[in-house]
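Spelled out, the chains give:
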Amino acid sequence: MKPSHTSLDQPRPDGAFNWESFTRYWLDVVFPPRCANCGRLDTTLCVTCQTRLDALPLKYLERMLPPFTGLISTESHRAPILRRLIHSLKYDNMPHLAQPLGIRMATALQHYDWELDLVISVPLHPHRQRERGYNQSAELAKVVSEVLGLRELSSALQRTVNTRSQVGLGQQQRLDNVAGAFDADPLSLAGARVLLVDDVLTTGATMQACAEAVIAAGVHSIYGVTITSAS
Ligand SMILES: [Zn+2]
């Protein structure tokens, strides 16, 4: 099988050996990419599974959650293909999966007449982002902003407290866990109509804490989108 990111045949203009390409090439040979849904040795999402994803209807699940003016998810978290893809996007070092998933979110958003200026994402604490190497929600926000022709400004919202995982916590514990954990930049956000992106909506406590920080920074309005909704 041909490695997916072969670029050894492209010499650097300065003639220096490209260690990054070399390492990526051999990583692909030793650990060839597998489809995140079916496990086939292929790309991170094989053509068959991409077709399955495309065939999965958009559900436009709407949630009323203050202070959001609008908040939607594209499907229930019970959809097996989406659960697997989101898990791999977060935990299996597959940031490329943000592309098909982000396109799905942007397509759902095109059915709403929300007027938006900026796209931001639920931030990871810098420690966790260093461990993971990327923030999956920021990767999704980049794709959504590209498709919708909006500016992406995830750097305007920071997680200042390294909160424990929300998994296994009740609603009130989740709210307490993330209260005051986020800090938004008024210089970047004041007066803007902002879209907040995340992967999964569970109780909404994290999205709400982010939205409150963004409101405190003086935005005009805050909207939200996630791939799935777990409720
Ligand atoms: Zn597959």
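Overview of the structure. (Residues numbered from 1 in each chain as written. Predicted model: local features only at pLDDT ≥ 70, side-chain atom pairs only at ≥ 80, totals over all residues. Heavy atoms only, no water.)

Here we look at the nonpolar core
No. 1: In this structure, Leu85, Leu101, Trp114, Leu140, Leu195 and Val197 are the most contacted members of the largest nonpolar core, which totals 34 residues.
No. 2: Here this core spans two domains, and each of domain 1 (18–55) and domain 2 (58–229) adds at least three residues to it.
No. 3: Counting 28 residues, the second-largest nonpolar core is a separate cluster that includes Val122, Ala181, Val194 and Ala217. (Core = buried A, V, L, I, M, F, W, Y, C linked by side-chain atoms within 4.5 Å. Buried < 20%, exposed > 50% of the residue type's maximum accessible area, 1.4 Å probe, protein only. Domains from an automatic or database assignment.)

Some details on the sheet that holds strand S2 (residues 70–76)
No. 1: One open sheet holds the six strands; their spatial order is S1-S2-S8-S7-S3-S4, and the pairing between them is mixed. With one partner strand each, in any of the chains shown, strand S1 (61–62) and strand S4 (151–152) form the two edges of the open sheet.
No. 2: Pairing of strand S3 (residues 118–121) with S4, which is carried by two bridges, proceeds in the parallel orientation. Across the sheet, the residue bridging to Leu118 is Arg151, located in S4.
No. 3: In the packing of helix H3 (residues 80–91) onto the sheet, the strands contacted are S2, strand S7 (193–201) and strand S8 (221–229), and the crossing angle to S8 comes to about 110°.
No. 4: Packing of helix H6 (residues 136–148) onto the sheet brings it into contact with S3, S4, S7 and S8, and relative to S7 it is tilted by some 130°. (Pairing = 2+ DSSP bridges. Helix = DSSP H or I, 4+ residues; strand = E, 2+ residues; numbered from the N terminus. Contact = heavy atoms within 4.5 Å. Axes fitted to C-alpha atoms, helices over the stretch in contact; angles between N-to-C directions.)

Some details on the coordination of the zinc ion
No. 1: Here the zinc ion is held by the protein donor atoms Cys35 (SG), Cys38 (SG), Cys46 (SG) and Cys49 (SG), which lie 2.3 Å from it.
No. 2: Each donor residue of the zinc ion belongs to the same chain, and together they define the spacing C-x2-C-x7-C-x2-C. Pair noted here: Cys38 is in the loop between helix H1 (19–30) and helix H2 (47–55) and Cys49 is in helix H2, with a separation of eleven residues, a long-range link.
No. 3: Look at Cys38 and you get partly exposed, because its relative accessible area is 38%.
No. 4: A relative accessible area of 1% places Cys49 in the buried class. (Donors = N, O, S within 2.8 Å, 3.2 Å for Na, K, Ca; no water.)

Some details on the pattern of salt bridges
No. 1: The tally for this structure, following the rule as stated, stands at five salt bridges.
No. 2: Put simply, Arg193 and Asp117 hold a salt bridge, and the shortest N to O gap is 2.9 Å. Placement of Arg193 in strand S7 and of Asp117 in the loop between helix H4 (98–109) and S3 is noted, with a sequence separation of 76 residues between them.
No. 3: Look at Asp117 and you get partly exposed, because its relative accessible area is 28%.
No. 4: Counted as one network, the salt bridges with shared partners bring together Glu115, Asp117 and Arg193. (Salt bridge = Lys/Arg side-chain N within 4 Å of Asp/Glu carboxyl O.)

By themselves these figures say nothing about function.
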